[in-house]
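Observations on the three-dimensional arrangement
Chain residues, written in single-letter form:
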Amino acid sequence: MELALIGLQKSGKTTVFNALTGGHAQTSAFAGGKLEPNIAVVKVPDPRVEKLAEIYKPKKVTHATVKYIDVAGIGRETDSPERGVPEALLQYVSTADALLAVVRGFEDDFHGPAHIAHDVETLHLELIFSDLAKVENRIPRIERALPKLSGKEKEQHQLELHALQKIKPLLEQNLPVRAAELTPEEAKLLRGFQFLTAKPIMYLLNVGEKDLSRGEELARQLEAKGITDQPRTMTAWIAGEVEMEIAQLEGEDREAFLRDYGIAQPASERIIAKSYELLGYISFLTVGPDEVRAWTIPAGALAPQAAGAIHSDFERGFIRAEVVPYEELIRHGSFANAKKLGLCRLEGKNYVVQDGDVINFLFSV
Ligand SMILES: Nc1nc2c(ncn2[C@@H]2O[C@H](COP(=O)(O)OP(=O)(O)OP(=O)(O)O)[C@@H](O)[C@H]2O)c(=O)[nH]1
Ligand SMILES: [Mg+2]
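Treat the numbers as computed from the prediction; the structure is a model and nothing was measured.

The rules behind these values
Residues numbered from 1 in each chain as written. Chains lettered and ligands numbered in written order. Predicted model: local features only at pLDDT ≥ 70, side-chain atom pairs only at ≥ 80, totals over all residues. Heavy atoms only, no water. Helix = DSSP H or I, 4+ residues; strand = E, 2+ residues; numbered from the N terminus. Buried < 20%, exposed > 50% of the residue type's maximum accessible area, 1.4 Å probe, protein only. pLDDT = per-residue confidence, 0-100. Pairing = 2+ DSSP bridges. Axes fitted to C-alpha atoms, helices over the stretch in contact; angles between N-to-C directions. Contact = heavy atoms within 4.5 Å.

A closer look at unusual backbone geometry
- One non-glycine residue, Asn174, lies in the positive phi region at around 60°.
- Within the secondary structure, Asn174 is located in the loop between α5 (151-172) and α6 (184-191).
- Since its relative accessible area comes to 36%, Asn174 is described here as partly exposed.
- For Arg232, which is not a glycine, the phi torsion comes out positive at approximately 45°.
- You can see Arg232 is positioned in the loop between α7 (215-219) and β7 (233-238).

Details of the confidence of the model for the chain
- Scored by pLDDT, the chain has a mean of 93; 96% of the residues are at 70 or more.
- Summarising per-element confidence for the chain, the mean pLDDT is lowest in helix α3 (residues 87-93) (83) and highest in strand β6 (residues 201-207) (98).

Details of the sheet that holds β6
- Overall, mixed pairing links the 6 strands, which are arranged β2-β4-β1-β5-β6-β7 in an open sheet. A strand with exactly one partner marks an edge of an open sheet, and here the two such strands are β2 (38-43) and β7. The mean inter-strand angle of the sheet, taken between neighbouring strand axes irrespective of direction, is 25°.
- In this fold helix α4 (residues 116-145) packs onto β1 (2-7), β5 (98-105) and β6, with an angle of close to 150° to the strand it touches most, β5.

Here is the structure:
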């Protein structure tokens, strides 16, 4: 899972990046953020993995991972005269599975008090603008090419044109590509554009230390008609600076800090859990003497697709899945014990994998 941190300049993206990754990337009140992104890969905390590792004592324990990418600020306050998301940034954010849009919720010497509603709208419009520019660029090109095309190629181009003409009026009304009702084929044709507003987005209010206890309440100010009420859109909050300190501590120091601030769960964990929800992702597990591992798949994925997350051969040669839900495995001490008791289910290719399933795939290659 890859998440890109975007936001207007000085909203605290790099601070939040450090909070989510335990990183030490340079934050700055003055200099414009550098163009090269900060990138870090972090383990998805999962107590089930730890517990299974205790049972199996495998050679290797592998958590699911999240890759965070933190880029320079976007918006009209950047040095660039062009509107929309600068080209140079697009290459870094366009591969992300979802966007974490950091919104300044703390007072800052230069910009003054937080302008939450204004910043949400500005950011949203920059994303819309960036996508609309791509659409407006592409449509006349297809129209010019069509008379010269024939057969399958013509058909594909017509479909693409149709899909683009479906999303253009939405973007013109400042609605995201996510709001479009596209057929699976249209969605596939548009995937190559990597539209920013097609990606799930979490607006993340970055509040100052003094508002630590009011995060939930303040995050409601992110809510904006036509923006946060759209499909696959969420709101959340983080006290970036405080959480950055927490993320950089370890062990007892960290526990003490969390207790002092009355924080039940560090933001790094809370935001990952929300990101899974935003993307509709779940985890299944595999166990054995060599490796205990968590895998990330979309909710609703069928058994062969889950097998494919491990290896494409597993998907191609899929025969059956032996499934023991995590709780059941723990109750009986091991996968083998559950199996002996007849509690291991044999599932076929139409089985919808559930979060926490411990799976052994049977396949032939
Ligand atoms: N009071 C307060 N200040 C913060 C918080 N988060 C960030 N800042 C300050 O805001 C300034 C900018 O923070 P950065 O994390 O560098 O912001 P950024 O969005 O990455 O900035 P650019 O990459 O330059 O756009 C720094 O001086 C931070 O210390 C916060 O939660 N509270
Ligand atoms: Mg930065």
